[in-house]
Amino acid sequence: MNTKSYFFKSFAIVALAFFAFIGFKQVLPNKIFSDSKVDSKNVLIDSLLLESVAKDSLSLKSDSIEESERRLGQQKIVYDASQGIEFPSETFDNYKGYQYLISFYEKLYQLEQNPQNHVRIAYYGDSMTDGDLIVQDVRMNYQERFGGNGVGFVSIISESSASRGSVKTLFSKNWKIQSYLNVKRPISPFGVNGHVFFANDKTNATWVQYEAGLNKYSTSLNNPTLFYGKASKKGNVDFIIGKDTLHKSLTPNNLVNSLKVTSGSVKSFKANFIHADSIPIYGFNFDNGSGIHVDNFSQRGNSGLPISMFDANVMQAFNNNLKYDLIILHYGTNVLNYGTKNYFWYEKGMTKTVNKIKESFPGVSILIVSTADKSTKYDLEMKTDSAVVPLMKAQKKYALETESGFVNLYTLMGGDGSMVKWVDESPAKANKDYTHFNQRGAKAIGNLLYSQLNQGYEQYKVLREKREAGVKPKAIRKPKADSVSVKKDSVNE
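Because the structure is a prediction, the values reported are computed rather than measured.

Asks: So what's going on with the side chain of Asn-222? Which residues, and what values?
Replies: Among the secondary structure elements, Asn-222 is positioned in strand β9 (residues 221–222). Given a relative accessible area of 8%, Asn-222 falls into the buried group. There is a polar contact of 3.4 Å between the side chain of Asn-222 and the side chain of Ser-220. Other than its neighbours up to four places away in sequence, Asn-222 contacts Asn-149, Gly-150, Gly-264, Ser-265, Asn-285, Phe-286, Asp-287 and Asn-288.

The structure is reproduced here in structure tokens:
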């Protein structure tokens, strides 16, 4: 065969295939193509999620799941009184679980009576809360009402350091980092932030520098305090504040140790770690000691499952220092992308996660925030992804199973098709990936979250006043046939 003829024939076939692809793209099956571009360098997926998806045998058929959910949806959840308070019954469909936030609400009540008290919230999330989005607005709402100054606990390094406005962080490039996202057996236990850092460069300085941001109530670094772990050797750290340098020793005797940089507040400082290569470093806390403080523990690519790897003893040691009253788990973004509508495996895994939280932070209230709406292209039209509602229901199930409060973010933002509206409206409140909120949208979500939590708190105060006035709570009763109390063994029928 003539070489030149062969070349032109091959070229023609490739060209024909290309133009056929362009033409057929418009009519090919749903969900093959996406309008959004993904930067693969910034996509992280935790190893436990990948393992769980790989093991997902789809043991439950979709019709059995739908039947179980149909029966569950209208069943009533009747609460037993706790501390003499009983919230009204709910159906599974409208479940919020304020009853399980009573200990948190009581701490808020005590803070409202005495502004010198302290309430603390840990907010765990994925890329939705990257750069302190959503969390900073929840924080500002609470501090506006209950007082408190400071951005809370900040890791040595995070992938969102450059984009976070509530605190500015610069750091040397020679930190050794281990994350619960992809390391199962860290050199030293993970900190409350799910990371552990080592200044293990003996030749070059290992440092981190913080500067207060411009967010309301976080315009200074209040009582900066370093948290570090246990090691066999001591170390040193120099804190540079303006023209002054403070030389301090690191004595890593306990599971969790703290070292106050200085009392009061500063605008910025730099920490140089010296001969501290074996000491696990976790981060710094910034708070003024009263009011409310909200720590943002966001991690891109996280499903929430890695929290189950926390060392409960280390977490209890952190809790002895920081004293948490509410832990929020806001996940789902990274669980929607695996072509399944059966999330029983995720329910099971996250139940284990919540139980680890309970073991690690005894008596602390827990709040589950569901996935938001996400849109995918179906027949040339962007619509709510078919996996959103099944995942949201799974999240609601493990919230109920573990006696946690619940925020249905999907319905809170408008339900079916709401992400399209948030993207298309002017000004937009979400990005063109039809998944993540922009700053305007994040602020709206933060306000909605705070509003639901506050509604529960206002109800709590009314019930508390009735209790104090001597009005007896309703007696614990057996549910009627049409008002079934949802027990734990019925959630995953």
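Asks: I'd love a proper account of the environment of Lys-356, names of residues and values included.
Replies: Mapped onto the elements, Lys-356 comes out in helix α7 (residues 344–360). Classification of Lys-356 by relative accessible area gives buried; the value is 17%. Separated by 47 residues in sequence, Lys-356 and Met-309 place their C-alpha atoms 8.1 Å apart. Leave out the neighbours within four places in its chain, and Lys-356 touches Ile-307, Ser-308, Met-309, Phe-310 and Ala-312.

Asks: Go over the packing of helix α6 (residues 312–322) against α7 with me, naming the residues and quoting the values.
Replies: Taken N-terminus to C-terminus, the directions of α6 and α7 make an angle of 55 degrees; their axes are 8 Å apart at the nearest point. By the angle class used here, α6 and α7 are oblique. Note on element contacts: α7 touches α6 through Lys-356, Glu-359 and Ser-360, opposite Ala-312, Met-315 and Gln-316.

Asks: I'd like to hear about the sheet that holds strand β22 (residues 405–407), residue by residue, with values.
Replies: In spatial order, the strands read β17-β3-β18-β19-β22; together these five strands make up an open sheet with parallel pairing. Each of the sheet's edge strands pairs with one partner strand only, and the pair in question is β17 (291–298) and β22. Looking at each pair of strands side by side, their axes are set apart by 20 degrees on average, direction ignored. With three bridges connecting them, strand β19 (residues 365–369) and β22 associate as parallel partners. Note on β22: the bridge partner recorded for Leu-367 is Gly-405. Along the sheet, helix α4 (residues 102–113) contacts β3 (118–125), β17, β18 (326–330) and β19; its crossing angle with β3, the most-contacted strand, is approximately 140 degrees. Packing against the sheet, helix α11 (residues 439–468) makes contact with β3, β19 and β22, and its axis sits at approximately 145 degrees to β22.

What counts and what doesn't
Residues numbered from 1 in each chain as written. Predicted model: local features only at pLDDT ≥ 70, side-chain atom pairs only at ≥ 80, totals over all residues. Heavy atoms only, no water. Helix = DSSP H or I, 4+ residues; strand = E, 2+ residues; numbered from the N terminus. Buried < 20%, exposed > 50% of the residue type's maximum accessible area, 1.4 Å probe, protein only. Polar contact = N/O pair within 3.5 Å; in protein donor to acceptor, adjacent residues only side chain to side chain. Contact = heavy atoms within 4.5 Å. Axes fitted to C-alpha atoms, helices over the stretch in contact; angles between N-to-C directions. Parallel < 35°, antiparallel > 145°, perpendicular 65-115°, else oblique. Pairing = 2+ DSSP bridges.

That's the geometry; what it means functionally is another story.
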